[in-house]
Amino acid sequence: MTDFEIISPATIKELFIVIKKCGKDNFRFGAGYTDLLNELRKKTEPELKIINLAQVKDSQFTGIKTGIRGLWIGAMTTIQQLVSNQIINREFPVLHQSASSLASTQVRNVATIGGNICTASPSGDVSCALVSLNASCEILRVDGRTRMISIQDFFLGPRKTLLNRDEVLYRIFIPQNKPTSVSVHSGFIKVGTRQSMECSVVSLAFHIQSDKKSKIIKAGLAIGAASPTIRFTESACNFLIDKTLKNISESIKDEFAENVVVYASPISDLRASAWYRKEVLYNISKSVLEVNPS
Amino acid sequence: MNEDLEFIGKPFPKIDARMRVTGTAVYGNDIILPNMLYGAILRTAYPSALIESIDISAASKFPGVVSVITADDVDVNNISYKRDHPILKKGEVNCIRDEIAAVAAESIEIARHALTLIKVRYKVRQGIYDPYEALKDNAPLINKYAENKYNNKNLAEVFHYEHGDLTAQKNISKVIISRRFNLPRVTHTCLGTSNITAHFNKTDKKLLLYSSTQVPFLYQRDIAHALKMNPSDIRIIQPVIGGGFGSKLDMYPFEPICALLSIKTGRPVQILYSREEEFIASPTRQPMIIDITTGADKSGNFTFREINIMKDNGAYTSWGATTPFVMMQAFSSLYKVGACSFDSKAVYTNNVFAGSFRGYGNPQATFALERMIDLMADKLGIDKADIRVKNANQKGEITGQGLHYDTCGHRECLETVISKSEYKKIQSLNKKGRYRHGIGFASMLHVGGGAKIYRSDGCGTTIKIDPYGFCIIITGSSEIGQGSETVLAMIAAEELGIELSRIKVINSDTDVKPWDVGVHASRTSFVAGNSLLGAIAILKEKLNKKAAFILNTDFSDLQYKKGKINSIKEGKSIDLDKVVREMHFSPPGELAIASYFYEPDSHFQDKEFKGNVSGSYAFAAQAIKVEVDTYTGNIKVIDVYVAQDVGKVLNPLLLAGQIEGGILQGVGYAISEELLFEKGRLLNPDFHNYKILTASDIPDIHFFPVETNDKRGPYGAKGVGEAPLIPTAAAIANAVCDALNLEFVELPLTPERVMIALRENISI
Ligand SMILES: Cc1cc2nc3c(=O)[nH]c(=O)nc-3n(C[C@H](O)[C@H](O)[C@H](O)COP(=O)(O)OP(=O)(O)OC[C@H]3O[C@@H](n4cnc5c(N)ncnc54)[C@H](O)[C@@H]3O)c2cc1C
């Protein structure tokens, strides 16, 4: 276990001061601590400081707000807040389902969306949904300026992001559904042994928008726990454009599933073999086209 | 006796429930004694190695460290029932749990840090992790304390049992089927991790242990032997125990180690396991490879069973090596079977050793047995439910092993789950498409009236009533969460007409309570209940005498109700507390106290393992419905129909607790739990990758108690604790095989195993 000192800034301004003061010291940010404490328990780091983000009072940093072009979610928003948000439930079922499938109520009550992203785990459920939704990350720098990055570009590898060590993930932006979209077929498929407290063995997030003629006009699909980072399966998404969700033939389903699976380069570990992950990914990809869209 | 019962059969919550849910119950992990030190144990870095040197100098000098001990510092005996287990290892280590040194320090952090300062030089050996390899001539000797009583140096224990004429029975068989089954290593995952607090008093040389043992009196004897002390100088106090399930039947090295640290320092010392240490160093269920051949004649009557079991004993022998006692019962006596031949070997390896675990070998045996029944039914073209009913055990039966079924609800249990699951109606289950449905059956037989495996299977009770009308039950039995305290209080309430809130159960101190063999074998309500009834009968004689005198009536007229003793004939009554005061304070003066020792009228088994070993036998059947997702291999256990011959329901709420908890442990055994080892090292010492099921995975459990009123049990009750877990994995496996029309020969049925079976299409 690593011992650490904890510093709790109360405002964004104080946060900047604290970050600057820490300078080259060994420091980390803490949000809900559900990943961080487990990580620190397994190793010993010298002289660690934790900058606690949980006490920062800033309405943009913690809540869910509707903007003109989409939804803004503060990085400190808890997973449980995502679960109970009606707009998310209605407009982005994939995000709602991924949040509901995360751990357990106890964990959801403290774990944050920002923590899920910044951990950059290939099996991050909420992150996987956000990739399928083409979300972007708003990054806050110590000089007070921000930059926007597509969430796909944010992940560099397992536990690696393009955040600089003194940068904070501030907000997440989800573009609203297309104006011509009249129905969305959207959901999160999580594969594991148990119903809760499960880490995805493989996961698939999909968000498919159709127009009034039931033609697919936009599709977002992402796979989790199947490669070093969560992958947006672009060719599978393109493959769906202009197709109609009803009456998809067996061979098209297979072709689609193949288009998803090419993005997978899974590993074998204690929880499953690479073979299993690929096999199941193929099956659940097909299943996306098997249900009747609402 | 059973009419108009006011307490028995009613759903009273556990009398300790409030304490437990509000956090005021004091578990072993909560104990803090003045001046207490914290102990920690250095375990080996390799599962098999020679120890070339141990350097404790840096650890000893570290500020806050009070004592560091190794095998060189102590004069002790080996532990375990075969005395093949050194408390601290010297010269060599043989499994990943092995204790090399221990530290006592002013804080737990210092103790743990000190462990990192101990320098051990190892000469690493290959080690042997496969019992079949260990039996080969060229295998090295694993346990140098082994008795070597068999013809192989690494053979720890051997059992042979037989009844009937195997050859003749084979000759009349229409089907004969053989299989090899592979059962995994699983663990108890008690909520409370292992703990002990030891306090050796340097002045009077007495040792006080706060221990979560399930068998305090055997433990007292064992720890005395280990430490070369007099048992009576050791007092065991059992704090509230955070789960047992059999894991606390053996004594483990950490317990005498803690005592040794206290003896060395003269201060109280506490050792608490972390969860990771709990996974690594606490016991497991026995992994087994079961070779079995079974037969049936053309009408489906079971003819014979031939069983050969390989058990991985690990590096040392625990009670787990004796699980064949229970397996022999299942194989020889569950369903009628003309002949049975059973052999088992427990073989030393460099793996961790297994202990005892709820069911004690029976889940493994029942799995093999019940899978074979489905295979035989398929081959004979007989319905799976019918073949079971046809062969069910019966009241009055004396089995090949000599078990006497004075009462027997086996057939009724089977018929209940067959009808309640509407099995006959659902033959057209979905066997195509993504989600496939299946149903599976399994039964079980288990001791229900104790098990005579020690010299005594008895339990003592002292009961007293104080001058205020409160009743104190001092029982030899132990509470490990199963609710026996509550059942005992209910029995006293029933018999003495005292309300539950006025009854106290004292059961946690070997200096106070009378002898009892321990909490195991589903025995406590039966044995301690009978013992209490015996004590109450004696006490009532005394009370009756006084009350009859005061009320001017005779004994037979007296009735105990709501704190009063009533004379029906005279229409008079007197408060119970008043009678007690009269007894105490009027000459000649007498205490309202009585003691009784109950010993079940069961028998030791003979050298051939035959004999009526229990006072009663419990039966159960389960029918389980599953849905298998062929896209992912996930098994969803949907409905569990369970009928269990409990003799008599003493408390439906506590009974449901045992049933539901047991079934969930069984579901975990069937589909998700497995300790994964690679060359003796545990790969998943955490709840992340050792998957016990969660509240969201609970199937619908439909429970139907079957009451056979065994005259030997208290109010007719039999033991219930282990039974619910025993047939569950078997029934689930049968259901999954039914759903997929495939065969599985190992547990757990993980999604990946299901997918592999589907892909390779290993059809029956
Ligand atoms: C029992 C258990 C079950 C779990 N189950 C799941 C599951 O089913 N699915 C799943 O996806 N995850 C699961 N997790 C992982 C974890 O809960 C999630 O990843 C969670 O969203 C992390 O959020 P947090 O606020 O706790 O992050 P923290 O632990 O506080 O932080 C995680 C990392 O992100 C950094 N960080 C946090 N916020 C910011 C920020 N705003 N800016 C910059 N860096 C930041 C921290 O420095 C740290 O490196 C589980 C964890 C546990 C303990």
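K.L.:
Any chance you could explain the pattern of salt bridges here in plain terms?
P.N.:
Two side chains with opposite charge may pair up if their charged atoms get near one another. Residues and elements named next belong to chain B. Using the criterion set out here, one finds 65 salt bridges over all chains in the structure. Between Lys 90 and Asp 72 there is a salt bridge; the shortest N-O distance is 2.3 Å. Within this pair, whereas Lys 90 is found in the loop between β3 (65–70) and β4 (92–93), its partner Asp 72 is found in the loop between β3 and β4, the two being separated by 18 residues in sequence. A residue is classified by how much of its surface remains accessible, and Lys 90, at 52% relative accessible area, is exposed. Between Arg 388 and Asp 374 there is a salt bridge, with its nearest N and O atoms 2.9 Å apart. Here the residue Arg 388 occupies a position in helix α11 (residues 384–391), and Asp 374 occupies one in helix α10 (residues 362–380), the gap between them amounting to 14 residues. The same class applies to Arg 388 as to Asp 374, namely buried. By sharing partners, the salt bridges in this structure join Arg 43, Lys 89, Asp 98, Glu 99 and Glu 277 into a single network.

K.L.:
What's the story with the domain arrangement of chain A in this structure? I'm lost.
P.N.:
Note on interface size: it is often stated as the accessible area lost on association of the parts. Structurally, chain A comprises domain 1 (4–55), domain 2 (64–175) and domain 3 (183–288). Computed from C-alpha atoms alone, the centre-to-centre distance between domain 1 of chain A and domain 3 of chain A is 36 Å.

K.L.:
Can you help me understand the state of the cysteines in this one?
P.N.:
Each disulfide consists of a covalent bond between the sulfur atoms of two cysteine residues. Scanning the entire structure with this criterion turns up 0 disulfides over all chains. Cys22(A) forms no disulfide, and the closest cysteine sulfur to it belongs to Cys118(A), at a distance of 17 Å. On the basis of relative accessibility, which here comes to 3%, the residue Cys22(A) falls in the buried class. Cys471(B) carries a free sulfur, and the closest cysteine sulfur to it, the one in Cys459(B), is 15 Å from it. Residue Cys471(B) is classed as buried on the basis of its relative accessible area, which comes to 0%.

K.L.:
I keep staring at the sheet that holds strand β10 (residues 168–175) of chain A and nothing clicks. Help me out?
P.N.:
Paired through their backbone hydrogen bonds, the strands of a sheet run either parallel or antiparallel. All names here are of chain A. Strand order in the open sheet formed by 5 strands is β4-β5-β10-β6-β7, with antiparallel pairing between adjacent strands. The open sheet terminates on both sides in strands that have one partner only, identified here as β4 (64–66) and β7 (146–150). The mean inter-strand angle of the sheet, taken between neighbouring strand axes irrespective of direction, is 25°. Relative to strand β5 (residues 70–74), β4 is paired through 3 bridges, and the arrangement is antiparallel. Note that in β5 the partner of Ile 64 across the bridge is Ile 73.

K.L.:
Looking at this structure, how should I read the sheet that holds strand β13 (residues 216–224) of chain A?
P.N.:
Residue and element names in this part refer to chain A. With respect to topology, 4 strands assemble into an open sheet ordered β11-β12-β13-β14, the strand pairing being antiparallel. Every other strand in the sheet has two partners, leaving β11 (183–191) and β14 (231–232) as the edge strands with one partner each. Here β13 runs beside β14; their pairing, made up of 2 bridges, is antiparallel. Among the inter-strand pairings, Ile 223 is bridged to a residue of β14, identified as Arg 231.

K.L.:
Could you clarify how one ought to interpret the domain arrangement of chain B in this entry?
P.N.:
Residue and element names in this part refer to chain B. When its domains are assigned, chain B resolves into domain 1 (17–25 + 458–598), domain 2 (31–127 + 191–243 + 248–281) and domain 3 (288–392 + 403–451 + 606–760). Counting residues at the interface gives 24 residues for domain 2 and 27 residues for domain 3. Interface of domain 2 and domain 3: buried area, both sides summed, is about 2,200 Å²; carbon and sulfur atoms make up 62% of it. For the domain 2 face of the interface with domain 3, the top three residues by lost area are Tyr 81, Arg 97 and Phe 279, together amounting to 30%. For the pair domain 2 and domain 3, the interface holds 0 salt bridges. Partitioned by chemical class, the residues of the side of domain 2 that touches domain 3 number 11 nonpolar, 5 polar and 8 charged.

K.L.:
Sorry, what's going on with the environment of Lys202(B) here?
P.N.:
Residues and elements named next belong to chain B. Turning to its location among the elements, Lys 202 is positioned in the loop between β9 (195–201) and β10 (206–211). The spatial distance from the C-alpha of Lys 202 to the C-alpha of Lys 578 is 46 Å, given a sequence separation of 376 residues. Not counting chain neighbours up to four residues away, the residues in contact with Lys 202 comprise Ile 263, Lys 264, Thr 265 and Gly 266.

K.L.:
In this structure, what is going on with the interface of chain B and chain A? I would like to understand it.
P.N.:
Listed by partner, the interface residues are 25 residues for chain B and 21 residues for chain A. Carbon and sulfur atoms make up 54% of the area that chain B and chain A hide from each other, which totals about 2,000 Å². Taken together, chain B and chain A are joined by 2 salt bridges. We note a salt bridge from Glu198(A) to Lys691(B), for which the minimum N-O separation is 2.6 Å. Of the residues forming the side of chain B that touches chain A, the biggest block, 5 residues, is contributed by helix α18 (residues 751–760) of chain B. Classifying every residue of the side of chain B that touches chain A by side-chain character gives 11 nonpolar, 9 polar and 5 charged.

The rules behind these values
- Residues numbered from 1 in each chain as written.
- Chains lettered and ligands numbered in written order.
- Predicted model: local features only at pLDDT ≥ 70, side-chain atom pairs only at ≥ 80, totals over all residues.
- Heavy atoms only, no water.
- Salt bridge = Lys/Arg side-chain N within 4 Å of Asp/Glu carboxyl O.
- Helix = DSSP H or I, 4+ residues; strand = E, 2+ residues; numbered from the N terminus.
- Buried < 20%, exposed > 50% of the residue type's maximum accessible area, 1.4 Å probe, protein only.
- Domains from an automatic or database assignment.
- Disulfide = S-S within 2.5 Å.
- Pairing = 2+ DSSP bridges.
- Axes fitted to C-alpha atoms, helices over the stretch in contact; angles between N-to-C directions.
- Contact = heavy atoms within 4.5 Å.
- Buried area = accessible area lost by both parts, 1.4 Å probe.
- Nonpolar A, V, L, I, M, F, W, Y, C, P; charged D, E, K, R; others polar.

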